[in-house]
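Notes for the structure review
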Amino acid sequence: MAKHTKCLIIGSGPAGYTAAIYASRAGLNPVLYTGSEPGGQLMITTEVENFPGYPDGVVGPALMEDLRRQAERFGTEINIGVLIEKVDFTGPVHKVWTDAGEEVHADTVIIATGASAKWLGLPSEQRLTNHGVSACAVCDGFFFRGKTVAVVGGGDTACEEASYLSKLCPTVHLFVRKNELRASKIMQDRIFKSTNITVHWNTQIDEILGEDHVSGVRILNNKTNEKAELNLDAVFVAIGHKPNTDIFNDWITMDETGYITVAHPGTSKTNIPGVFASGDAADKIYRQAVTAAGTGCMAALDAERYLTEMGIH
Ligand code: NDP
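On a predicted model such as this, the values are computed, not experimentally measured, just so you know. Each chain has its residues counted from 1, running along the sequence as written. Local features in a predicted model are, by the rule used here, given only for residues with pLDDT of at least 70; side-chain atom pairs are given and counted only at 80 or more, and totals for whole chains, interfaces and linings are based on all residues. Hydrogens and water molecules were not included; the side-chain quantities draw on all heavy atoms of the structure.

This paragraph deals with the site of the ligand. Nearness of a residue to a molecule or strand requires only that one of the residue's heavy atoms be within 4 Å of it. The environment of the ligand is made up of 15 residues, and the closest members are Asp156, Thr157, Glu160, Arg177 and Arg182. A 3.5 Å cut-off defines polar contacts: any pair of N or O atoms within that distance qualifies, except that in protein one atom must be a possible hydrogen donor and the other a possible acceptor, and neighbouring residues in sequence count only when both atoms are side-chain atoms. The contact in question runs from an oxygen atom of the ligand to an N or O atom on the side chain of Asp156, over 2.6 Å. Take Thr157: an N or O atom from its side chain is 2.5 Å from an oxygen atom of the ligand. Residue-level accessible areas treat just the shown protein chains as cover; the underlying method is Shrake-Rupley with a 1.4 Å probe. Coverage of the ligand by the protein amounts to 70% of the 920 Å² it exposes when considered alone. Strands are runs of DSSP state E lasting at least 2 residues, helices are runs of H or I lasting at least 4, and numbering of each runs from the N terminus. Counting residues per element, the shell around the ligand draws most heavily on helix α5 (residues 156-166), at 3 residues.

A separate point is the packing of aromatic side chains. Aromatic contacts are taken between Phe, Tyr and Trp rings whose centres are within 6.5 Å, Trp giving its six-membered ring; a plane angle under 30 degrees counts as stacked, one over 60 as edge-to-face, and the others as tilted. Following the criterion strictly, the structure yields 7 aromatic pairs and no others. Where Phe276 meets Tyr306, the ring centres are 6.1 Å apart and the plane angle is 70°; that geometry is what we call edge-to-face. Note that Phe276 is positioned in strand β19 (residues 275-277) and Tyr306 in helix α7 (residues 289-309), a separation of 30 residues in sequence. A relative accessible area of 12% places Tyr306 in the buried class. Linked through ring pairs, Phe89, Phe248 and Trp251 together constitute an aromatic cluster. The ring of Phe74 has Arg25 lying over it, and the distance from NZ or CZ to the ring centre is 5.3 Å. Here the basic side chain of Arg145 rests over the ring of Phe142, its NZ or CZ set 4.0 Å away from the ring centre. The rule is simple: take the accessible area with a 1.4 Å probe, protein chains only, and divide by the maximum for that residue type; under 20% is buried, over 50% is exposed, in between is partly exposed. Put simply, a charge is over a ring when the Lys NZ or the Arg CZ is close to the ring centre, within 6 Å, and near the line of the ring normal, within 35 degrees.

Spelled out as structure tokens, the structure:
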């Protein structure tokens, strides 16, 4: 027989755990599935200095451990490493299936599946991930201080990564596939003012070179079709994020890039009654731990009100 819960939470970043803290304190006995990356993106972050309440900063995994313990303290059932693979939101009782083959029924569902960094899709990139290829300068830049590094992308993230690395590394190459940056004016100015960031326009990475660690890149100028090789020690890919919302495609209203759009702005309500969205899965603009936590709180409060209105709670 399928397990039944009043409140099912999918995801374990700041949004999921905050939703769990609120839902469990409201007596909803939530059941949370962490997905394959328990703790989410903050688990691959080092120092977090902008999460309120930590005046001396906190490392990402420690912050997530605190949030998990706080959610557990009030009775959340946390299923670590378990992924939700399929959903059926025909309703009124929502059905989900885990990768362990379990079927779970829920009166409310809080989506907190987050987003993941996008990759270039080169086999060499995959092979050298964590050996000089990274999607997080703040996490891994430290290992390449004093070395030559590259950043790929032309948005705010790429500019921020390049700017951060320029304080650690003598030479930073920025590979931009167009002849302009998409980043905000202030970020562009920071790049152009920097004396050790070299912008390569119309440039793509053709191959990342190196056997067991990055030793260079082969770049392609997409205007002239010329190829060249550069020696360097690390490549930081900063070409955007993809929300982890594929399993909801058939049910939930999203924008063209897969971010969930809430049905009523200022709430977490989706187009499906009883299904609520929180965190980066529904936020392409702010994408901060604290905003994710805030929307996780909103989703739990919205779920509780929905249950009351339905006479379930
Ligand atoms: P964006 O989608 O804004 O930019 C992605 C960049 O990567 C673009 O320049 C894009 O090129 C390039 N790109 C995409 N795919 C490839 C590829 N396969 N090869 C090479 N280049 C590629 O993502 P961001 O993560 O930069 O930003 C996302 C959102 O977050 C934005 O709204 C941004 O403003 C915001 N943000 C704000 C920050 C701040 O205010 N401090 C910091 C970070 C992000 P092209 O232009 O050709 O499409």
